[in-house]
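The lines below spell out each chain.
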Amino acid sequence: MRIVVAEDDALLREGLVLLLRGEGLDVVAGVGDPDALLDAVAEHRPDVAIVDVRMPPTHTDEGIRAAVAARAAHPELAVLVLSAYVEQSFATELLAGGAHRTGYLLKERVGRVGTFLEALHRVAGGGTAIDPEVVAQLFARQRAADRLADLTVREREVLAVMAEGLGNGAIATRLFITENAVHKHIRSIFAKLGLQAGDDSDRRVVAVLRHLEATQRTG
């Protein structure tokens, strides 16, 4: 198995290289930025690329975008992405072309050497290795989106204005409805989103976050 490791943290990168070589695997390159990853893949034609999501220069999504580009240029390449936490939009983008020869693990799994190596071999062999926490969060967010689909047009309008930070009185003025009607719509929104009775300010924040997540998915 020929492997390229792309990780901007030099200590972690070297640790991964030493771990993999200690297991008798052939690490053909260890790089620290997305351009070097693409160059290494083109030069060495590895079986697997292990890629950190956040890389220079902005440390946002350069790693995942480089992984997607490398896969597009070399469809036979297996990609195992490592992330400090679940990056839902990036996971979706990586999996959009199919889960074949694809892995997405949280970095904490690397410390569990057996689990990490098992995932690596599975991906290299044509399978899929998705971190259980990634799966759990993706399903949780999908359930939230399904609940948003149950909202009426007016409830969606109220939620959209809530997302701007307006209180009930301002929402009523904006939508030309009574403040009592706003209150009823908000209670219905909370019920449909499964937000239990408690601190209304906290429930408003959660409702707005779910609205924003759904907007980003469809935007």
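The structure this text deals with has already been given above.
Residues numbered from 1 in each chain as written. Predicted model: local features only at pLDDT ≥ 70, side-chain atom pairs only at ≥ 80, totals over all residues. Heavy atoms only, no water.

Participant: Break down the overall build of the protein chain for me, with residues and values.
Facilitator: For the protein chain, the helix and strand inventory stands at ten helices and six strands. Of all 219 residues assigned to the protein chain, the portion counted as buried reaches 42%. For the protein chain, restricting intrachain contacts to residue pairs at least 6 apart in sequence, the fraction spanning at least 24 positions comes to 62%. Approximately 10900 Å² of the protein chain is accessible, and the part contributed by carbon and sulfur atoms is 54%. (Helix = DSSP H or I, 4+ residues; strand = E, 2+ residues; numbered from the N terminus. Buried < 20%, exposed > 50% of the residue type's maximum accessible area, 1.4 Å probe, protein only. Contact = heavy atoms within 4.5 Å. Areas by Shrake-Rupley, 256 points an atom, 1.4 Å probe, with all protein chains shown as cover.)

Participant: Could you give an account of the pairing of strand β5 (residues 102–106), naming the residues involved and the relevant values?
Facilitator: The buried count for β5 comes to five of five residues, which makes it a mostly enclosed element. Of the two faces of β5, the one lined by Thr102, Tyr104 and Leu106 and the one lined by Gly103 and Leu105 are each fully buried. With five bridges joining them, strand β4 (residues 78–83) and β5 adopt parallel strand pairing. Residue pairing across strands places valine 79 opposite threonine 102, the latter belonging to β5. Tracing the backbone out of β5, into helix α5 (residues 113–124) and back to the parallel element strand β6 (residues 128–130) gives a crossover that is left-handed. (Pairing = 2+ DSSP bridges. Right-handed = clockwise from strand over helix to strand, strands pointing away.)

Participant: Just give me the short version of the pattern of salt bridges, but keep the residues and values in it.
Facilitator: One pass over the structure, following the stated rule, counts eight salt bridges. The salt bridge involving lysine 107 is made with glutamate 7; its shortest N-O contact spans 3.2 Å. On the criterion of sequence distance, the pair formed by lysine 107 in the loop between β5 and α5 and glutamate 7 in the loop between β1 (2–6) and α1 (10–22) is long-range, its members being 100 residues apart. Using a relative accessible area of 1% as the deciding quantity, one classes glutamate 7 as buried. Across the salt bridge formed by arginine 13 and glutamate 14, the nearest N and O atoms sit 4.0 Å from each other. Judged by relative accessible area, which is 14%, arginine 13 ranks as buried. When salt bridges with common partners are traced through the structure, they connect Glu7, Asp52 and Lys107 into a single cluster. (Salt bridge = Lys/Arg side-chain N within 4 Å of Asp/Glu carboxyl O.)

Participant: An account of the sheet that holds strand β3 (residues 48–52) is requested, with residue identities and associated values reported.
Facilitator: Reading across from one edge, β2-β1-β3-β4-β5-β6 is the order of the six strands in this open sheet, with parallel pairing throughout. Each end of this open sheet is capped by a strand with a single partner; those strands are β2 (26–31) and β6. Direction aside, neighbouring strands of the sheet carry axes that sit 20° apart on average. Pairing between β1 and β3: four bridges, direction parallel. (Axes fitted to C-alpha atoms, helices over the stretch in contact; angles between N-to-C directions.)

Participant: Describe the side chain of arginine 13, and please don't skip the residues or the numbers.
Facilitator: Looking at the secondary structure, you find arginine 13 in helix α1. A polar atom in the side chain of arginine 13 sits 2.6 Å from the backbone oxygen of glutamate 7. Beyond its immediate chain neighbours, meaning those up to four positions away, arginine 13 contacts Val5, Glu7, Asp8, Gly30, Val31 and Gly32. (Polar contact = N/O pair within 3.5 Å; in protein donor to acceptor, adjacent residues only side chain to side chain.)

Participant: An account of unusual backbone geometry is needed here, citing residue identities and associated values.
Facilitator: Cis geometry is found at the peptide bond from proline 56 to proline 57, where omega equals 5°. Inspection of the secondary structure assignment puts proline 57 in the loop between β3 and α3 (62–73). Even without being a glycine, histidine 59 presents a positive backbone phi close to 55°. Take histidine 59: it is sitting in the loop between β3 and α3. Positive phi, close to 60°, is recorded for phenylalanine 176, a residue that is not glycine. Within the secondary structure, phenylalanine 176 is located in the loop between α8 (168–175) and α9 (179–192).

Participant: Let's hear about the pairing of β4: which residues, and what values?
Facilitator: Within β4, six of the six residues are buried, which leaves the element mostly enclosed by the surrounding structure. Where β3 lies against β4, five bridges are found, and the strand directions are parallel. The residue bridging valine 48 from the neighbouring strand is alanine 78, located in β4. The handedness of the β3 to β4 crossover, carried by α3, is right-handed.

Participant: Could you give an account of the packing of helix α7 (residues 153–162) against α8, naming the residues involved and the relevant values?
Facilitator: Viewed as axis vectors pointing N to C, α7 and α8 meet at an angle of 125°, and their least axial separation amounts to 10 Å. Relative to α8, the element α7 lies oblique. You can see that α7 and α8 cross each other, and the crossing is right-handed. Across the interface between the two elements, Arg154, Glu157, Val158, Val161 and Met162 from α7 touch Ile171, Arg174 and Leu175 from α8. (Parallel < 35°, antiparallel > 145°, perpendicular 65-115°, else oblique. Left-handed = near helix turned anticlockwise from the far one by under 90°.)

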